[in-house]
Amino acid sequence: MQLIEHSDSPRYVRLHADDNVVVVVNDQGVTEGSRFPDGLTTVEGVPQSHKVALVDIPEGAAVRRYGQIIGYALKDLRQGSWVQETQLAMPSAPPLDSLPMSDAVPAALAPLEGFTFEGFRNADGTVGTRNILGITTTVQCVTGVLDHAVKRIREELLPKYPHVDDVVALTHSYGCGVAINARDAYIPIRTVRNLARNPNLGGEALVIGLGCEKLQAGQVMHENDSSVDLSDPWLYRLQDSSHGFVEMIEQIMELAETRLKKLDQRRRETVPASELILGMQCGGSDAFSGITANPALGFASDLLIRAGATVMFSEVTEVRDAIYMLTSRAQDMDVAQALVREMDWYDQYLERGAADRSANTTPGNKKGGLSNIVEKSLGSIVKSGSSAINAVVGPGERVERKGLIFCATPASDFVCGTLQLAAGMNLHVFTTGRGTPYGLAMAPVVKVSTRTELAERWPDLIDVDAGRIATGRATIEELGWELFHYYLDVASGRKQTWAEQHRLHNDIVLFNPAPVT
Ligand code: CA
């Protein structure tokens, strides 16, 4: 990457030698007639993170960023002009039947030895980064009562058990009024089940049901499942109450206390960094996402893979246009085919709704300089670093192996976060350019800003400022290492992220592609 450093003069970032557009770095953008150090002069004002034509681009010619085609000029674009969404025709999505398959598998990098964190070892071999009592649900009907009970548990019981970090209600909108045997119903059902098995719940999750709902407790907690403790009472159904609301609250609190006593016995122990299961995603992206934050995540991801950890990336609609770059990196044909299968499933899912992947890009993305989903995708997949892709898991499925994993989820922040929790994520990292206060109750969320301006404006929400890369104050490598150490500190409980400190928690949002009745 070529960086042009000067704090006040016009600056841009060019990502690849083949690129014919560059991205403006200056906080306030640049005015008409601004001259960059290489002599390029703007013919109109260009906002920060938006693109400038490096050369004259004739109508019909390819516009390249990251060395890839992000669109075709709909009219002649003058050197120094502001290249905008409306001037570009979007390329069509790469056809799935002619992709390069596992033909450029990156060689394994040298192992990184000796890195550890302090975690809670679980009976099933997984490791938690937090010690949380999770109370899951079979149906939305119980949410009001459970929320009331959890508030009282947090206020009255939790202070008695100082080694337990929190109590969390896993409430959701599924469970009844749904076609429970529909073709795609396995997705929300296995998501609810696997959420309760998240390593941060220590195998001690409880279930609150109503009694007459379609989703039964046995589908949420299976017998013969080593990842959950069914030796003690684990279920309470509200319809079993013969005295009403007050009794329900008492029963839930009593049940919760039996698990709090067990969880409170647990202590952190030193475990290898390979026990980390990091989930990565982005939200509120801008044109800097692919220049600063996501490349730093990619570097840190490679470090974690070298340390033997599990790293997940997701967001199908944000990899679809760059899928040819991922199928190439699949470790074998099975993994490449699994990637294609997930893309194909999602293409059909969008088609049923008469939409396509271009529905992903938001007005904020565009204001942040991202012209279309192709440009957004190229910046998004940079998070995955340069390692081979070792496995693919479907939505709501639990990850069962280490390495770099594509976890097929929608890009929606809450749905992606929920599905990564179900996959077994014990730490989450989230990059943002436009800014979001996003957080999750079940796992710490590290928020990384793509621009320094955002980090300065939101100093008590952004944990790591990757904007330093654009201004030349840090390299991608330096920030990657910083993130790697920060992950281990947060995983160990030595540091708390801002979202944790403020208790900023987005809801669990299930992905339910099946009919509601
Ligand atoms: Ca997202």
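From a predicted model like this one, the values you see are computed outputs, not experimental measurements.

**Q** Explain the domain arrangement of the chain to me, and be specific about the residues and the numbers.
**A** In terms of domains, the chain is made up of domain 1 (1–92), domain 2 (117–263) and domain 3 (278–502). The centre of domain 1, based on its C-alpha atoms, is set 25 Å off from the matching centre of domain 3. Each partner contributes residues to the interface: domain 1 has 25 residues there, and domain 3 has 29 residues. Roughly 2,100 Å² of surface becomes buried between domain 1 and domain 3 when both sides are summed, with 59% attributable to carbon and sulfur atoms. It is Tyr66, Glu85 and Met90 that lose the most area in domain 1 upon contact with domain 3, and together they represent 26% of the buried surface on that side. Between glutamate 85 and lysine 366 there is a salt bridge, and its shortest N-O distance comes to 3.0 Å. The tally of links from domain 1 across to domain 3 stands at 13 residue pairs in polar contact (both at pLDDT 80 or more).

**Q** Now, about helix H2 (residues 186–196): what can you tell me, with residues and values included?
**A** Most of H2 sits out of view: nine of its 11 residues are buried. Ile187, Pro188, Ile189, Thr191, Val192, Arg193, Asn194, Leu195 and Ala196 are the residues of H2 that are buried. Looking at the buried residues of H2, the elements they touch are strand S11 (132–137), strand S12 (166–170), helix H3 (217–220), helix H7 (333–352) and helix H10 (413–423).

**Q** Describe the coordination of the calcium ion, listing the residues and the values that go with them.
**A** Distances from the calcium ion to its protein donors, namely Gln281 (OE1), Cys282 (O), Glu315 (OE), Ala411 (O) and Asp413 (OD), fall within the range 2.3 to 2.5 Å. Considered as a linear motif, the donors of the calcium ion on their single chain read Q-C-x32-E-x95-A-x1-D. With cysteine 282 in strand S16 (residues 277–282) and aspartate 413 in helix H10, the pair connects residues that are 131 residues apart, well separated along the chain. By the burial criterion, cysteine 282 is buried, and aspartate 413 matches it.

**Q** How would you summarise the sheet that holds strand S8 (residues 88–89) if you had to cite specific residues and measurements?
**A** Pairing between the strands of a sheet comes from backbone hydrogen bonds, and it takes one of two forms, parallel or antiparallel. Strand order in the open sheet formed by three strands is S5-S6-S8, and the pairing between neighbours is antiparallel. Two strands bound the open sheet, and with one partner strand each, they are strand S5 (62–65) and S8. Two elements, S5 and strand S6 (residues 68–73), share four bridges in a ladder whose sense is antiparallel. Counterpart to valine 63 in the pairing with S6 is glycine 71. Sitting on the sheet, helix H9 (residues 373–380) touches S5 and S6, and the angle it makes with S6 is about 165°.

**Q** Tell me about the layout of surface pockets, residues and numbers included.
**A** Space inside the largest pocket adds up to approximately 460 Å³. What lines the largest pocket is a set of 19 residues, among which Tyr66, Gly290, Pro295, Val382 and Gly385 lie closest to the centre. The element that contributes the greatest number of residues to the lining of the largest pocket is helix H5 (residues 293–306), accounting for three residues. A class-by-class count of the residues in the lining of the largest pocket yields 11 nonpolar, six polar and two charged. Inspection of the lining of the largest pocket shows a minimum of three residues originating in each of domain 1 (1–92) and domain 3 (278–502). Lining the second largest pocket are 21 residues, with Val168, Ala169, Ala441, His505 and Asp507 sitting closest to its centre. At the level of secondary structure, the elements contributing two or more residues to the lining of the second largest pocket comprise helix H1 (143–157), S12 and H10. In terms of residue class, the lining of the second largest pocket is made up of 10 nonpolar, five polar and six charged. Each of domain 2 (117–263) and domain 3 (278–502) contributes no fewer than three residues to the lining of the second largest pocket.

**Q** Kindly report on unusual backbone geometry, identifying the contributing residues and their values.
**A** The phi dihedral of glutamate 315 falls on the positive side, at around 70°, and the residue is not glycine. Relative to the assigned elements, glutamate 315 resides in the loop between strand S17 (310–313) and helix H6 (323–327). Residue classification places glutamate 315 among the buried positions, given a relative accessible area of 0%. The phi dihedral of alanine 354 is positive, around 55°, even though this residue is not glycine. Within the fold, alanine 354 resides in the loop between H7 and helix H8 (363–367).

**Q** Would you mind going over the packing of H2 against H10 in detail, with residue names and values included?
**A** Packed helix pairs are specified by the crossing angle of their axes together with the interaxial distance, meaning the distance between the axes. Where H2 meets H10, the closest approach of the two axes is 7 Å, and the angle between their N-to-C directions is 60°. When the axis of H2 is compared with that of H10, the two are oblique. The handedness of the crossing between H2 and H10 is left-handed. Together, Thr191, Asn194 and Leu195 of H2 and Thr418, Leu419, Leu421 and Ala422 of H10 make up the contact between the two elements. Tallied by class, the residues present in the contact of H2 with H10 amount to four nonpolar, three polar and no charged.

**Q** Let's hear about the side chain of arginine 193: which residues, and what values?
**A** Relative to the assigned elements, arginine 193 resides in helix H2. Note on arginine 193: relative accessible area 18%, which makes it buried. Each residue touching arginine 193, except ones within four places of it in the same chain, is listed here: Gln219, Val220, His222 and Asp225.

**Q** So, the packing of aromatic side chains: which residues are in play, and what are the values?
**A** Overall, the coordinates contain 12 aromatic pairs when judged by the stated rule. Ring geometry for phenylalanine 115 versus tryptophan 481: centroids 6.2 Å apart, planes at 45°, classification tilted. With phenylalanine 115 in the loop between S8 and strand S9 (116–121) and tryptophan 481 in helix H12 (residues 476–491), this pair connects stretches of sequence that are 366 residues apart. Take phenylalanine 115: its relative accessible area is 25%, and that puts it in the partly exposed class. Seen from their ring centres, phenylalanine 313 and phenylalanine 406 are 5.2 Å apart, and the 65° between their planes marks the pair as edge-to-face. Highlighted residues: phenylalanine 313 in strand S17 and phenylalanine 406 in strand S19 (residues 403–407), separated in sequence by 93 residues. The pair formed by phenylalanine 313 and phenylalanine 406 is uniform in burial state, with each residue classed as buried. Taken together through their ring pairs, the aromatic side chains of Trp345, Tyr346, Tyr349 and Phe511 make up a single cluster.

**Q** Provide a residue-level description of the confidence of the model for the chain, including the pertinent values.
**A** Per-chain confidence: the chain averages 95 in pLDDT, with 98% of residues scoring 70 or above. Below pLDDT 50 for its whole length, residues 1–6 participates in 20 contacts with residues either more than four positions away or in separate chains.

What counts and what doesn't
- Residues numbered from 1 in each chain as written.
- Predicted model: local features only at pLDDT ≥ 70, side-chain atom pairs only at ≥ 80, totals over all residues.
- Heavy atoms only, no water.
- Domains from an automatic or database assignment.
- Contact = heavy atoms within 4.5 Å.
- Buried area = accessible area lost by both parts, 1.4 Å probe.
- Salt bridge = Lys/Arg side-chain N within 4 Å of Asp/Glu carboxyl O.
- Polar contact = N/O pair within 3.5 Å; in protein donor to acceptor, adjacent residues only side chain to side chain.
- Buried < 20%, exposed > 50% of the residue type's maximum accessible area, 1.4 Å probe, protein only.
- Helix = DSSP H or I, 4+ residues; strand = E, 2+ residues; numbered from the N terminus.
- Donors = N, O, S within 2.8 Å, 3.2 Å for Na, K, Ca; no water.
- Pairing = 2+ DSSP bridges.
- Axes fitted to C-alpha atoms, helices over the stretch in contact; angles between N-to-C directions.
- 1 Å grid on protein atoms, 1.4 Å probe; cavity = no way out; pocket = protein on both sides within 12 Å on 5 of 7 lines; lining within 4 Å.
- Points joined across faces, edges and corners; volume = space filled by probe spheres on them.
- Nonpolar A, V, L, I, M, F, W, Y, C, P; charged D, E, K, R; others polar.
- Parallel < 35°, antiparallel > 145°, perpendicular 65-115°, else oblique.
- Left-handed = near helix turned anticlockwise from the far one by under 90°.
- Phe/Tyr/Trp six-rings, centres within 6.5 Å; stacked < 30°, edge-to-face > 60°.
- pLDDT = per-residue confidence, 0-100.

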